Amino acid sequence: MKLLVAILLTALLALVGGMWLPWWSIAIASLLIGLLVPQRAGRAFLAGFLGIFLLWAIYSLSKDIPNDGLLSAKVADMFSLGRNSILIILVTAFVGGLVGGFGGMTGSFLRSSR
Amino acid sequence: MPGFDSSYMWKGIIPQSENPHMKNPSRGYVSSANQLSVDSSYPYYTGYSFPVYRGYIINRRLDEMSGITVDDMKKLQVDNYNIKAEFARDILMQTDQSKLSNAEKKYFNIWQSWNMRNDTAEQGATVFHLWWEELEKSIWSDELHIKDLPLPWPNETTLIESLHKDSAYRFADNRNTPAVETLQDNLIASLKKASERLDDIDRSGRLAWSNFKDTKVQHLLKLPAFSKLHLPIGGGAGIINATKEDHGPSWRMVIHLTNETEAWGVYPGGQSGNTGSKYFDNFVDDWAKGSYYRLWMMKKTEVKDERVKWTMKFSKKS
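Just so we're clear, the structure is a prediction, and the values are computed from it rather than from any experiment.

### Observations concerning the overall build of chain A
Helix and strand counts for chain A stand at five helices and zero strands. Element order for chain A, N to C, with α for helix and β for strand: α-α-α-α-α. Overall size of chain A, expressed as C-alpha extent along the three principal axes, is 50 × 25 × 25 Å. The buried share of chain A, taken over its 114 residues, is 37%. Counting only contacts in chain A whose residues sit at least 6 apart along the sequence, the fraction spanning at least 24 positions is 75%. Summed over all atoms, the accessible surface of chain A reaches about 6600 Å², with 76% contributed by carbon and sulfur.

### A word on the overall build of chain B
The helix and strand tally for chain B stands at nine helices and five strands. Traced from its N-terminal end to its C-terminal end, chain B shows the element sequence α-α-α-α-α-α-α-α-β-β-β-β-α-β. Reported as C-alpha extents along the three principal axes, the dimensions of chain B are approximately 85 × 55 × 45 Å. The contacts in chain B between residues at least 6 apart in sequence include a share of 59% that link residues at least 24 apart. A gap of 8 Å separates the mean positions of the 41 positive and 41 negative side-chain charges of chain B.

### Structural notes on the confidence of the model for chain B
With 100% of its residues at a pLDDT of 70 or more, chain B shows a mean pLDDT of 94. Here the prediction assigns the complex a pTM of 0.87, and the interface score ipTM is 0.78.

### Notes on the pattern of salt bridges
Evaluated as defined, the whole model comprises 19 salt bridges over all chains. In this structure, aspartate 77 of chain A and arginine 83 of chain A form a salt bridge, with 3.2 Å as the shortest nitrogen-oxygen distance. Owing to a relative accessible area of 28%, aspartate 77 of chain A belongs among the partly exposed residues under this scheme. Between aspartate 71 of chain B and lysine 74 of chain B there is a salt bridge; the shortest N-O distance is 3.8 Å. Of this pair, aspartate 71 of chain B and lysine 74 of chain B both sit in helix H2 (residues 70–77), three residues apart, which is roughly one turn of the helix. Aspartate 71 of chain B sits in the partly exposed class, given a relative accessible area of 46%. Through salt bridges with shared partners, one network takes in Arg61, Asp79, Arg117 and Asp119 of chain B.

### So, the interface of chain A and chain B
If you look at the interface, chain A gives seven residues, while chain B gives nine residues. Regarding the contact of chain A and chain B, the summed buried area is about 630 Å², with carbon and sulfur atoms giving 64% of it. Counting across the interface, chain A meets chain B through zero salt bridges. Looking at the side of chain A that touches chain B, its residues break down into three nonpolar, one polar and three charged.

### Observations regarding the packing of aromatic side chains
Applying the stated rule across the entire model yields 19 aromatic pairs over all chains. Their ring planes at 20° and their centres at 5.6 Å tell us that phenylalanine 49 of chain A and phenylalanine 53 of chain A sit as a pair that is stacked. With phenylalanine 49 of chain A and phenylalanine 53 of chain A both in helix H3 (residues 41–64) and four residues apart, this pair spans about one turn of that helix. One aromatic cluster in this structure is built from Phe45, Phe49, Phe53, Phe94 and Phe102 of chain A. Over the ring of tryptophan 296 of chain B we find arginine 307 of chain B; its NZ or CZ atom is 4.0 Å from the centre of that ring.

### Quick look at helix H1 (residues 2–17) of chain A
Residue and element names in this part refer to chain A. With 16 residues, H1 should cover 22 Å at 1.5 Å per step; its first-to-last C-alpha distance of 22 Å lies within 8% of that length. Taken together, the buried positions of H1 are occupied by Leu3, Ala6, Ile7, Thr10, Ala11, Ala14 and Gly17. For H1, the angular spread of buried residues about the axis comes to 140°, placing them on one side. Opposite its buried face, H1 presents the exposed residues Leu8 and Leu12, each directed more than 90 degrees away. Here the buried face of H1 lies against helix H2 (25–36) and H3.

### Points about the sheet that holds strand E3 (residues 252–256) of chain B
As a general point, the strands of a sheet are linked pairwise by backbone hydrogen bonds and lie either parallel or antiparallel. Residue and element names in this part refer to chain B. Pairing is antiparallel in the open sheet, where three strands are placed in the order E3-E4-E5. Either end of the sheet is taken by a strand with one partner, and the two such strands are E3 and strand E5 (293–295). Across this sheet, the average inter-strand angle for adjacent strands is 25°, counted without regard to direction. Pairing geometry for strand E4 (residues 262–266) and E5, over three bridges, is antiparallel. Among the inter-strand pairings, alanine 263 is bridged to a residue of E5, identified as leucine 295. Lying over the sheet, H2 contacts E3 and E4, oriented at roughly 160° with respect to E3.

Conventions we followed
- As a convention, each chain's residues are numbered from 1 in the sequence order in which they are written.
- Here chains are named by letter from A upward and ligands by number from 1 upward, in the order in which they appear as written.
- Under the rules for a predicted model, residues below a pLDDT of 70 receive no local features and side-chain atom pairs below 80 are neither given nor counted, while totals for whole chains, interfaces and linings still include all residues.
- Side-chain metrics in this entry use all non-hydrogen atoms of the structure; hydrogen atoms and water are not considered.
- Only runs of H or I of at least four residues qualify as helices and only runs of E of at least two qualify as strands under DSSP, and these elements are numbered from the N terminus.
- For every residue, the accessible area (1.4 Å probe, protein chains only) is compared with the maximum for its type, and the residue is labelled buried under 20%, exposed over 50%, or partly exposed between those bounds.
- Should any heavy atoms of two residues lie within 4.5 Å, those residues are counted as being in contact.
- Working definition of accessibility: Shrake-Rupley area with a 1.4 Å probe, residue cover restricted to the visible protein chains.
- All tallies of charge rest on Lys and Arg as positive and Asp and Glu as negative; His and the ends of each chain are not included.
- By convention, charge coordinates are those of NZ in Lys, CZ in Arg, CG in Asp, or CD in Glu.
- As a per-residue quantity, pLDDT reports the predictor's confidence and falls between 0 and 100.
- A pairing counts as a salt bridge when a side-chain nitrogen of Lys or Arg comes within 4 Å of a carboxyl oxygen of Asp or Glu.
- Put simply, buried area is how much 1.4 Å-probe accessible surface two parts lose in total, over both of them, once they are put together.
- Residues are grouped as follows: Ala, Val, Leu, Ile, Met, Phe, Trp, Tyr, Cys and Pro are nonpolar; Asp, Glu, Lys and Arg are charged; every other residue, Gly included, is polar.
- When the centres of two rings from Phe, Tyr and Trp lie within 6.5 Å, Trp using its six-membered ring, the rings pair. Their planes under 30 degrees apart give stacked, over 60 give edge-to-face, and anything left gives tilted.
- The criterion is that NZ of a Lys, or CZ of an Arg, lies within 6 Å of the ring centre and within 35 degrees of the ring normal, and then a charge sits over that ring.
- Helix span, expected: 1.5 Å multiplied by one less than the number of residues in the helix.
- The arc under discussion is defined with respect to the helix axis, by the directions toward the C-beta atoms.
- Note on pairing: two strands pair once DSSP finds at least 2 bridges between them.
- Every axis corresponds to a line fitted to the C-alpha atoms, with the helix fit spanning only the stretch in contact, and the corresponding angles, defined between N-to-C directions, vary from 0 to 180 degrees.

Structural data, given as structure tokens:
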């Protein structure tokens, strides 16, 4: 339950933060949730990872579908992913997830060292 | 233009009346295709290298045509007839076929039965292109590829012109061998070299002209993902449709100067500069096919036309 709350809060805070701040605000968002929600480091990583992974995957998809996957296919091609829109969206979400995960884990460590 | 000769220094502007120009010529048309537009009596320097073939074939076509319609002009702009191949034919025909291997004979036959058009599927165009390239190398490399002496490669017309005018062309001899080679030796040797390359090309399925030429329209950053590659389009250097591997006549337009100006045009791009837009490169395939779009010569009364999607207002900042 705590994990689910942390995931949703991370995604929400990162979404709101992203409206004004650069992309790396996702690290701050997941760090803050890591501080706020008391969890062990592993679970904090998972919460940050999934929060940002889901946010970026769903957000990319919501932009990609009206575009008929035109741009995502070209970018996928550039990364040698065979013009596969879904693959490049998964890679995108994974990279964001890593940043979010490490942010959440940092928050958890900060909390436990206080 | 020798840069060390001060007599070539800037002296002034050529008077407008002495600029090359033409008005209502008796032949009934004005044409231009990057050719030398003046003769040797022209007193001013104009540059030194001008392509000949495109202007020649354009004028020949226009001389033959009468009652020209807009469709005739569209067809003319994408014409793939290879006039250089026509001029070079009698030279290559001198090849002693009894001295050819089976492979060489095969390519010779492809070339011989070729209709001299660089259309997409023509294999003869590929054979001719490589054979002529090898013939030039075979004849000139020994003289021109001299270490520490940078010499420019001759113009595209030079070899045909020289061989037509000079039956004992001395460049045919290879300076690096004791024997005295003739044009005949060069024809055989160059076809042999070309055959080896053609075998490789055939194995990779690229013998058809457009596959060999492999025309592409590149994004400015040369990113393949943002470019249009492997376009099915014929033509080439010296041809009216002068589309080469990555450059050529992109913008095609036909204007009909009737009372109400009618215009058609196309270019290998799109109306949007956004790589994520479907309008980024949606003209390319039509361009490659040689089809045109009707252009809108907008009139004042059409300001409210439904085709006006957006307007931009300019105002003075007070």
